[in-house]
Amino acid sequence: MPRDHGGHRQSPSQLYRTLTERYGSPVYARVDTPASREQKAALARLSAEQVPTSELAGEKILATLTTAPANGAPIGGLKVVAESGWFAARPSGTEDVYKLYAESFRGQDHLTAIQEEARAIVARAIGG
């Protein structure tokens, strides 16, 4: 059984509770948003410079990614990271939608704010 910093045994649920008390409880959702073939193509070839935004849901943006940090490979979309949440948008390969993934460590209201701002950011970048 894992031990805490004081050497005491903790169950996985106790460890998880300790982590969420320290960092917040994650809330995650995926939403599909209609997009034309042209908009999906634009999303797939975005560059970070095409996303001139400095805040996400009231927090400073820490990273705007269109390539994987480890190897520089294109991610086929966009990921925006702030201190307490992030979103990623990628075009669907089979439907006329893009998939918007989002997570918050500050609860459902913050997640909703991330999703709303993410849709606006993506729409500006791909002409939606």
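The structure under discussion appears in the preceding block.
Conventions and cut-offs
Residues numbered from 1 in each chain as written. Predicted model: local features only at pLDDT ≥ 70, side-chain atom pairs only at ≥ 80, totals over all residues. Heavy atoms only, no water. Phe/Tyr/Trp six-rings, centres within 6.5 Å; stacked < 30°, edge-to-face > 60°. Helix = DSSP H or I, 4+ residues; strand = E, 2+ residues; numbered from the N terminus. Buried < 20%, exposed > 50% of the residue type's maximum accessible area, 1.4 Å probe, protein only. Pairing = 2+ DSSP bridges. Contact = heavy atoms within 4.5 Å. Axes fitted to C-alpha atoms, helices over the stretch in contact; angles between N-to-C directions. Expected span 1.5 Å × (residues − 1). Salt bridge = Lys/Arg side-chain N within 4 Å of Asp/Glu carboxyl O. Core = buried A, V, L, I, M, F, W, Y, C linked by side-chain atoms within 4.5 Å.

## Concerning the packing of aromatic side chains
1) Next: By the definition in use, this model includes 1 aromatic pair.
2) Next: Ring geometry for Y28 versus W86: centroids 6.4 Å apart, planes at 45°, classification tilted. Of the two residues, Y28 is situated in strand 1 (residues 27–34) and W86 in strand 5 (residues 85–91); the sequence distance between them amounts to 58 residues.
3) Next: A relative accessible area of 48% places Y28 in the partly exposed class.

## Focus: the sheet that holds strand 2 (residues 55–56)
1) Next: Reading across the sheet, the 6 strands line up as 1-6-5-4-3-2 and stay open at both edges, with antiparallel pairing between neighbours. The two strands at the open ends of the sheet, each matched to only one other strand, are strand 1 and strand 2.
2) Next: With 7 bridges joining them, strand 5 and strand 6 (residues 97–104) adopt antiparallel strand pairing. Looking at strand 6, one finds that R90 is bridged to K99.
3) Next: Of the strands in this sheet, strand 1, strand 2, strand 3 (59–67), strand 4 (74–82), strand 5 and strand 6 touch helix 3 (residues 108–126), which is tilted by about 145° from strand 6.

## Thoughts on helix 1 (residues 12–23)
1) Next: Across its 12 residues, helix 1 extends 16 Å between first and last C-alpha, which sits within 8% of the 16 Å expected from 1.5 Å per residue.
2) Next: Of the residues one or two after helix 1, G24 is the one with positive phi, at around 100°.

## Quick notes on the pattern of salt bridges
Two side chains carrying opposite charge are able to pair once their charged atoms lie near each other.
1) Next: Evaluated as defined, the whole model comprises 4 salt bridges.
2) Next: Ionic pairing is found between E95 and K99, a salt bridge with its closest N-O pair at 3.8 Å.
3) Next: Salt bridges sharing partners connect three or more residues here, namely R30, D32, E95 and K99.

## So, the side chain of T33
1) Next: With respect to the helices and strands, the residue T33 is situated in strand 1.
2) Next: Contact partners of T33, with chain neighbours within four places excluded, come to D96, V97, Y98 and R119.

## Thoughts on the side chain of T66
1) Next: Along the polypeptide, T66 turns up in strand 3.
2) Next: Ignoring sequence-local partners within four residues, the contact set of T66 consists of L46, S47, A48, A73, P74, I75, G76, G77 and L78.

## Overview of the pairing of strand 3
1) Next: Where strand 2 meets strand 3, 2 bridges bridge the pair, whose relative direction is antiparallel. Residue E55 lies in a different strand from strand 3, and its bridge partner there is K60.
2) Next: Taken together, strand 2 and the strand that follows it, strand 3, pair antiparallel across an intervening segment of 2 residues, in which A57 is found at a positive phi of about 50°.
3) Next: Pairing of strand 3 with strand 4, which is carried by 5 bridges, proceeds in the antiparallel orientation. In the strand pairing of strand 4, T67 is matched with P74.
4) Next: Following strand 3, the chain reverses through 6 residues before pairing antiparallel with strand 4; G72 in that reversal takes a positive phi of roughly 75°.

## Looking at the nonpolar core
1) Next: Among the nonpolar cores identified, the biggest contains 24 residues, and L43, L56, L78, F87, Y98 and V122 are the most heavily contacted of them.
2) Next: For this core, the element with the highest residue contribution is helix 3, accounting for 7 residues.

This is a description of form; function is not addressed.
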